[in-house]
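Chain and residue survey
Given next are the chains, with one letter for each unit.
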Amino acid sequence: MPTEYKLYIINNNMKIDPYNTKERYLAWKEKTKKGIPEISKDNSNLLRQYLEDMEKGINISIASKKGSRSYLRLNALRLRVLFIIKSLEKKFNLDKITDVKEEQLHNFFSEMREGVIKRKDNKEYKSVGNYVKDFKAFWHWHQKVNRKKGIDISDITLDLDTRKDKPKWVYLTEEQVRKLCNNARYDYKVLFMFLFDTGIRAPTELMNVKVSDFYNDFKELNIREETSKTFGRRIKLMICSEMIKEYIKNSQLMSEDYVFQIKPDTVNRYLKRLSLKLFGNKETEAGSRYSDISMYDFRHISCCYWLPRYKSESALKYRFGWKKSDKIHYYSELLGMKDTISEEDMFVDVTKTEIEKRMMGAEKEKDIMKEEIASLTEKLNETLALFNIVNQKLAILESRERTSNRLINTEPLMNNLN
């Protein structure tokens, strides 16, 4: 195992955090104790108070999930809400973000969607809907805090557009995945095939997989509750079972060792180079180019592979750790699906109904015939019984008649003797 893979290992009793979200958030919190640079004091105090409440799970919106926010979520909130506050403060001279007008908000987010407001690298924002949702959450917190003070604040975020743009990702067919794996170095080959088979969240769930999480001779994987974004689950390995078994044996990993001790950025760089070499830089069916591939794309690719193979939607959702059905379309966009209709499926509506009626009629006729046969059989049995009785009586009469005839025949002989 390369030495770089050891960099992200945390205490065995803890969940591995590949993004160091907790350390990053706490470091930022400590650094901004005296105020957040580049924004006014009022806005700085307001944002810090908001994040502190979210960290504790206080003043949460009625429509939102209760409880403290994860460090991953806190980092996302601080980055996005800070960006919005900083931008609005500069654009409209707002020393207090709570003075922003509804029209100003709509104009700002419209410019983000249209590409007027760009990122630092001069590229357009891809997930404007996420920025809108985070600001709505901030504003609803502001409303709730003031409501407790008896102050009614109107919801100026009510009509903001929260829709998300269609995500772009890298789509690979099963054949392309196998080609990619066969051309990768051994440890990456195992990793990529594992991602394809399981559809596991990478790198968060992936990096927390231990040797002890495999069951039934490496044919099943247990994704533990504490390491999952949604819920724990035990899934079957249908493609990479033997490969994983051999890899763990060759690596001499112990029961509590993490199987994939990787550095995500390094893996993604290797993956991009290999994909570019094998497939060129064309745009894939899902919108992104082959050279844009990352471990995250394997979750999309895996979903496309398993979607037509699972018989039930609930079973597919369980494998991927989803609670809502809309995730299936979000991750697959139905790529790789085939039209499976057959001639038999064409017997619908009138034709199918007519056939069903005829079949039901035939079944009824069959039942009636069975009843008639049973009745005739019963009568035949009764007739046979009577016939047997008559035969028995006739036999008795014939026996008596023969006896009487013998007596008549012996009478003259007896007279001659006398």
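Residues numbered from 1 in each chain as written. Predicted model: local features only at pLDDT ≥ 70, side-chain atom pairs only at ≥ 80, totals over all residues. Heavy atoms only, no water.

1. Concerning the packing of aromatic side chains
How we decide: Put simply, two rings from Phe, Tyr or Trp (the six-membered ring, in Trp's case) pair if the centres are within 6.5 Å, and we call them stacked under 30 degrees between planes, edge-to-face over 60, tilted for the rest. Think of it in three bands: with a 1.4 Å probe and only protein chains considered, a residue is buried below 20% of the maximum accessible area for its type, exposed above 50%, and partly exposed in between. By definition, being over a ring means that NZ of Lys or CZ of Arg is both within 6 Å of the ring centre and within 35 degrees of the ring normal.
Counted by the stated rule, this structure contains 31 aromatic pairs. Relative to tryptophan 306, the ring of tyrosine 305 has its centre 4.9 Å away and its plane inclined at 80°; by these criteria the two rings are edge-to-face. One exposure class covers both tyrosine 305 and tryptophan 306, and it is buried. Aromatic ring contacts, followed pair by pair, group Tyr50, Phe83, Phe108, Phe109, Tyr125, Tyr131, Phe135, Phe138, Trp139 and Trp141 into a single cluster. Just above the ring of tyrosine 215 sits the side chain of arginine 234; from NZ or CZ to the centre is 4.1 Å.

2. Topic: the environment of glycine 57
So the rule is basically this: Elements are defined by DSSP. Helices are runs of H or I of four residues or more, strands are runs of E of two residues or more, and each kind is numbered from the N terminus. Residue contacts are counted whenever heavy atoms from the two residues lie within 4.5 Å of one another.
Turning to its location among the elements, glycine 57 is positioned in the loop between α2 (41–56) and α3 (71–92). Given the relative accessible area of 25%, glycine 57 is considered partly exposed. Sequence separation between glycine 57 and serine 68 is 11 residues, and the spatial gap between their C-alpha atoms is 3.8 Å. Excluding residues that lie within four positions of it along the chain, glycine 57 makes contacts with Gly67 and Ser68.

3. Concerning the sheet that holds strand β1 (residues 214–215)
Stated precisely, the cut-off is as follows: Criterion used throughout: strands pair if DSSP finds at least two bridges between them.
Ordered in space as β1-β2-β3, the three strands form an open sheet in which the pairing is antiparallel. Unpaired on one side and paired on the other, β1 and β3 (233–236) mark the two borders of the sheet. For β1 and strand β2 (residues 220–223), the ladder comprises two bridges, and the chain directions are antiparallel. Along β2, the bridge assignment pairs tyrosine 215 with glutamate 220.

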